[in-house]
Amino acid sequence: MTDKVLTEKFTGKVIRQIALNARRIVILCFIVAVVSSVWALTRTPRWGAWAAAIVPGSTSSSIFASAGALGLGDAMGGLAGLGSGMLPQPAGIDITLATQILGSRRVQERIILKYDLINRYRAVSMEKATKKFGERFSVSLSPEGVIFVTAEGSTRTEAAAMVNDIILFANEELSTLVTSRSRRSRIQTEYALTLAYDSLEASRNAMEEFRTRTGLIFPEQQASSMMDVMAAIESDMVSAGALLSGLSGNLSARSAMYAQASAQYRYLENALRVRSTAGDSLSIFPVIDSMPGYLREYEVLMVDIETRSTVYLYLRQELETLRIEESKESPTIEIIVPPTPEYLRAYPKRAVMVITYVFITLTLCIVWIVFLTWFRSVLDSPESGPFVKGILSEVKGQFRTGRRNNASEKK
């Protein structure tokens with residue numbers, strides 16, 4: 001009684017049809033398994049790699065880390081303000097900004113251009129290549145504030161290189177995008193330092209031209225040496241004059257000793273006069289009359305050089321200080337787990353693919369059997385069966401009539 005009732009039910013009819021077509025279903029599933037296996041062998045394999053990174057100096061709670069990864073840092077910051085300390089405070093925009101930069105379009109485009117993924121993906125535009133690369137690349141943020149970066153490449157080495165380049169490009173973008181006060185001050189200081197260096201070089205060139213023109217390398221020392229030389233000449237000239245005066249009382253003007261003393265006195269007098277006025281080619285010192293002007297010009301140049309050197313050194317010290325402050329304020333991504341390739345390939349996973357396709361085929365077969373069983377029950381029903389059969393016959397008749405009309409027109 002129970003078996004008869006079960007066979008008359010719709011469920012029993014479906015089970016019976018499945019049992020009757022079990023062989024066909026198995027053959028079809030086997031064919032699908034073979035075809036999917038062969039198709040998986042023809043696919044280009046892809047390998048995955050991942051890396052873990054952090055933003056030093058930033059911490060993250062679970063709710064705010066998730067909100068930062070989704071770009072909701074401002075909203076959660078307002079929520080924390082309303083909570084008056086009841087909710088954990090976010091770490092600021094550093095980790096949120098780093099996560100957004102890692103997954104930004106600019107970083108993806110740089111990866112696509114570096115590895116020529118447009119041609120490899122056979123994409124017609126950068127938009128298509130970016131969309132396809134987005135399916136093979138991901139950035140996730142853990143509740144503890146650890147950023148995980150994954151990417152897929154044609155080889156294990158390429159996948160690891162992609163992950164490393166993504167983090168490298170993100171750090172470069174962060175160093176460009178961060179517009180903190182220290183960064184703006186550092187940029188202005190670098191510009192001022194360039195101007196100060198150019199000004200200092202101009203002063204040094206002027207000093208070099210002065211030394212070449214005058215021959216004064218150390219003017220103060222050379223002027224002191226010049227005065228010593230002049231004093232020595234004057235002292236010798238006084239001695240020669242005294243000797244000449246003494247000889248004039250005892251010797252005649254035609255005496256050889258008197259002539260020698262007179263010649264020595266005239267030479268010393270001429271040397272003193274020449275070095276005091278015009279100078280000669282044998283002297284290593286400039287004219288004594290021009291020395292005060294040269295010393296004044298040298299003092300002006302020296303003060304200019306010392307002033308500009310002081311400004312340059314101050315700006316150099318200030319620039320180093322600003323760089324240290326900027327490095328403290330600017331977020332940077334530090335790798336804590338280097339890019340590590342996965343042992344198994346990411347695509348194609350043949351076992352999963354075969355099982356999935358066989359399961360889909362089996363499901364479609366069962367759905368088709370259920371539909372056919374229901375449709376046959378509708379046709380066998382005394383209430384709806386004649387109506388459905390009449391509709392089907394009318395539809396078939398229209399198509400047959402159309403074929404006959406086409407045949408008659410051909411005749």
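Check the entry above for the structure.
Described below are features of the structure shown in this document. (Residues numbered from 1 in each chain as written. Predicted model: local features only at pLDDT ≥ 70, side-chain atom pairs only at ≥ 80, totals over all residues. Heavy atoms only, no water.)

Topic: the pairing of strand S3 (residues 147-153)
Counting buried positions along S3 gives five out of seven residues, so the element sits mostly inside the fold. Alignment of strand S1 (residues 47-54) against S3, held across seven bridges, turns out to be antiparallel. When the bridges of S3 are listed, Trp50 appears paired with Thr150. Note that strand S2 (residues 137-141) and S3 share five bridges and pair antiparallel. Residue pairing across strands places Leu141 opposite Ile147, the latter belonging to S3. The loop that links S2 with its antiparallel partner S3 comprises five residues; one of these, Gly145, has a positive phi angle of about 90°. (Buried < 20%, exposed > 50% of the residue type's maximum accessible area, 1.4 Å probe, protein only. Helix = DSSP H or I, 4+ residues; strand = E, 2+ residues; numbered from the N terminus. Pairing = 2+ DSSP bridges.)

Let's talk about the packing of aromatic side chains
According to the stated counting rule, one finds seven aromatic pairs in the structure shown. A centroid spacing of 5.7 Å and a plane angle of 45° characterise the contact between Tyr197 and Tyr312, whose relative ring orientation is tilted. With a gap of 115 residues between them, Tyr197 in helix H11 (residues 181-214) and Tyr312 in helix H14 (residues 291-329) connect regions that are remote in the sequence. Put simply, the rings of Trp368, Phe371, Trp374 and Phe375 pair up and form one aromatic cluster. Just above the ring of Trp47 sits the side chain of Arg156; from NZ or CZ to the centre is 4.0 Å. (Phe/Tyr/Trp six-rings, centres within 6.5 Å; stacked < 30°, edge-to-face > 60°. Lys NZ or Arg CZ within 6 Å of the ring centre and 35° of its normal.)

Here's the deal with the nonpolar core
Of all hydrophobic cores here, the largest spans 32 residues; its most connected members are Phe133 and Ile166. Elements with a minimum of two residues in this core: S1, helix H6 (94-102), helix H7 (105-114), helix H8 (117-121), helix H9 (126-134), S2, S3 and helix H10 (156-177). Core analysis: the second largest hydrophobic core is formed by 13 residues, Leu193, Leu301, Ile305 and Leu319 among them. (Core = buried A, V, L, I, M, F, W, Y, C linked by side-chain atoms within 4.5 Å.)

Some thoughts on the state of the cysteines
Summed over all chains, the structure comprises zero disulfides. Among the cysteines around Cys29, which has no disulfide bond, Cys365 carries the closest sulfur, lying 5.5 Å off. The class of Cys365 is buried, set by a relative accessible area of 12%. (Disulfide = S-S within 2.5 Å.)

Thoughts on the packing of helix H2 (residues 10-20) against helix H15 (residues 350-380)
Here H2 crosses H15 at 125°, and the two axes come no closer than 9 Å. When the axis of H2 is compared with that of H15, the two are oblique. Seen from above, H2 lies across H15 with right-handed handedness. On H15, the residues touching Phe10, Lys13, Val14, Gln17 and Ile18 of H2 are Ile366, Ile369, Val370, Thr373, Trp374 and Arg376. Its residues assigned to classes, the contact of H2 with H15 shows seven nonpolar, two polar and two charged. (Axes fitted to C-alpha atoms, helices over the stretch in contact; angles between N-to-C directions. Parallel < 35°, antiparallel > 145°, perpendicular 65-115°, else oblique. Left-handed = near helix turned anticlockwise from the far one by under 90°. Contact = heavy atoms within 4.5 Å. Nonpolar A, V, L, I, M, F, W, Y, C, P; charged D, E, K, R; others polar.)

Points about the packing of H7 against H10
With their axes 10 Å apart at the nearest point, H7 and H10 run at an angle of 130° to one another. When the axes of H7 and H10 are compared, the pair comes out oblique. Where H7 crosses over H10, the two elements pack in a sense that is right-handed. Residues Arg106, Val107, Arg110, Ile111 and Lys114 of H7 form the contact with H10, whose participating residues are Met162, Asp165, Ile166, Phe169, Ala170, Glu172 and Glu173.

Regarding the pattern of salt bridges
In the structure shown here, the tally under the stated rule is 13 salt bridges. For the salt bridge of Arg106 with Glu173, the shortest nitrogen-to-oxygen distance reads 2.7 Å. A residue pair is termed long-range when its members are at least 10 positions apart, and Arg106 in helix H7 and Glu173 in helix H10 qualify at 67 residues. With relative accessibility at 9%, the residue Glu173 sits in the buried group. (Salt bridge = Lys/Arg side-chain N within 4 Å of Asp/Glu carboxyl O.)

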